[in-house]
Amino acid sequence: MADSGPSSGAGLPVDPDSKNLKLPELLELGWKIYEEVDNTNEPLNSSSVQARVRRGVSALEEAAAMVAQLELFSRNEDLEEVATADLRFLLLPALLGALQLKLSDRARRLQHLCSARELFLDFLRRCKDYGLCKADLPEPGEADSPEEAESDPGRDGPGAQSGPGGQPSLAAMAMRRQCKIEQYRQKKELEARLSEVRKAVESGRADDEVTREFHLLHIRRWVAVCLDELQSMDLEMQVLQSKEFMNQGSSKPPSHRGRQPMKPFILTRDAAQAHVFGAGYPSLPTMSVNDWYEQHAKHGQLPDQGIPKRATRDNEEDNEEDEEEQEDEQSLQKARQWDEWKDSHRRGYGNRHNMG
């Protein structure tokens with residue numbers, strides 16, 4: 001997002017005391033710090049770069065407070081009523097949000113994202129009041145709901161006009177792709193025109209009309225930049241919020257319904273034996289097998305209590321059928337053996353009763 005500043009004046013040193021600077025100088029200071037940080041080869045989280053970022057944020061916050069105190073902009077006026085010299089101050093929220101995104105405090109990353117998002121939206125709403133932004137934006141204090149994000153074909157959300165199964169329809173995907181292509185084409189045309197006008201402004205030959213066009217081109221370019229940044233910021237905020245929610249959930253101990261521990265006991269066969277063992281081991285309670293079974297059956301702790309009774313009856317019926325089949329086979333086998341024996345022996349064979 002590097003870009004030369006909107007001011008056509010001479011450059012300022014980057015380390016003056018911001019409390020002694022005027023409004024244009026504060027804007028110029030914040031812009032120069034943003035360009036240096038955006039183009040530096042040093043790591044963004046280095047102490048020197050972060051010190052510069054905080055310095056730029058402080059200068060731009062002071063400039064924004066001055067603009068609010070002077071009431072330079074009003075929703076009741078048209079763009080033509082704003083002085084050419086004041087147009088550049090419309091960029092203050094966008095620059096301040098862009099610098100806050102470069103703060104590398106990981107513990108406060110979500111807070112920085114939320115703050116930068118509100119600054120970008122404030123800039124876009126003001127630009128929309130002046131007719132410089134045509135995108136649909138949520139009202140102040142209103143969250144950008146997923147339904148609104150999906151209804152905008154220019155966004156990278158889940159997609160408008162979802163098809164079956166929650167998937168984006170082909171028409172919505174084609175519309176979003178066409179919108180992206182058109183935005184890219186307009187951005188390239190705007191940057192080419194901005195490069196031409198900048199040369200005239202920096203040479204000092206630009207009149208009020210060219211200077212006004214220069215500031216308006218800068219504003220329109222930052223409108224496109226903020227809209228793109230909002231898309232990636234929303235995705236990052238969702239990831240951070242989900243991660244924070246998961247961390248909060250994992251910090252809580254799991255609430256398991258513990259089973260009530262059972263007291264030690266001596267298992268006996270009957271009440272008489274329990275009475276005998278109870279006399280020998282008075283410190284331990286005793287119970288018979290039937291008592292143990294009834295206690296566990298009452299609490300549903302027996303291994304066979306989860307088996308349906310229907311399945312048990314079916315098994316019993318199957319066993320009865322098997323027993324009947326076995327009995328039939330045995331009877332048939334005996335009948336065959338008796339027939340074979342009669343074939344090989346005469347009637348009365350082996351009967352030695354009543355013989356003289």
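Everything that follows concerns the structure shown earlier in this document.
Residues numbered from 1 in each chain as written. Predicted model: local features only at pLDDT ≥ 70, side-chain atom pairs only at ≥ 80, totals over all residues. Heavy atoms only, no water.

## Some words on the side chain of Arg212
Next up, step 1: Relative to the helices and strands, Arg212 resides in helix α7 (residues 208–251).
Next up, step 2: The buried charged residue Arg212 lacks any salt bridge partner; its closest oppositely charged side chain belongs to Asp208, at an N-O distance of 5.6 Å.
Next up, step 3: Within the structure, the side chain of Arg212 is placed 3.1 Å from the side chain of Thr84, a separation counted as a polar contact.
Next up, step 4: Not counting residues within four places of it along the chain, the set of residues in contact with Arg212 comprises Leu79, Glu80, Val82, Ala83, Thr84 and Leu87. (Helix = DSSP H or I, 4+ residues; strand = E, 2+ residues; numbered from the N terminus. Buried < 20%, exposed > 50% of the residue type's maximum accessible area, 1.4 Å probe, protein only. Lys, Arg positive; Asp, Glu negative; His and termini not counted. Salt bridge = Lys/Arg side-chain N within 4 Å of Asp/Glu carboxyl O. Polar contact = N/O pair within 3.5 Å; in protein donor to acceptor, adjacent residues only side chain to side chain. Contact = heavy atoms within 4.5 Å.)

## A few points about the packing of helix α1 (residues 23–39) against helix α2 (residues 47–70)
Next up, step 1: Relative to each other, α1 and α2 sit at 150 degrees, their axes nearing to 8 Å. In terms of their interaxial angle, α1 and α2 are classed as roughly antiparallel. Crossing of α1 against α2: the hand is left-handed. Taken together, the residues of α2 that come into contact with α1 (itself represented by Leu23, Leu26, Leu27, Leu29, Gly30, Ile33, Glu36 and Val37) are Val49, Arg52, Val53, Arg55, Gly56, Ala59, Leu60, Glu62, Ala63, Met66, Val67 and Leu70.
Next up, step 2: Residue classes in the contact of α1 with α2 are distributed as 14 nonpolar, two polar and four charged. (Axes fitted to C-alpha atoms, helices over the stretch in contact; angles between N-to-C directions. Parallel < 35°, antiparallel > 145°, perpendicular 65-115°, else oblique. Left-handed = near helix turned anticlockwise from the far one by under 90°. Nonpolar A, V, L, I, M, F, W, Y, C, P; charged D, E, K, R; others polar.)

## Regarding the packing of aromatic side chains
Next up, step 1: All chains considered together, the criterion is met by three aromatic pairs.
Next up, step 2: Measuring from centroid to centroid gives 6.5 Å for Phe73 and Tyr130, while their planes differ by 70 degrees, and the two rings are edge-to-face. One end of the pair, Phe73, is in the loop between α2 and α3 (92–100); the other, Tyr130, is in the loop between α4 (109–129) and α5 (146–151), with 57 residues separating them in the sequence.
Next up, step 3: An aromatic cluster is present here, built from Trp31, Tyr34 and Trp222 joined pairwise through their rings. (Phe/Tyr/Trp six-rings, centres within 6.5 Å; stacked < 30°, edge-to-face > 60°.)

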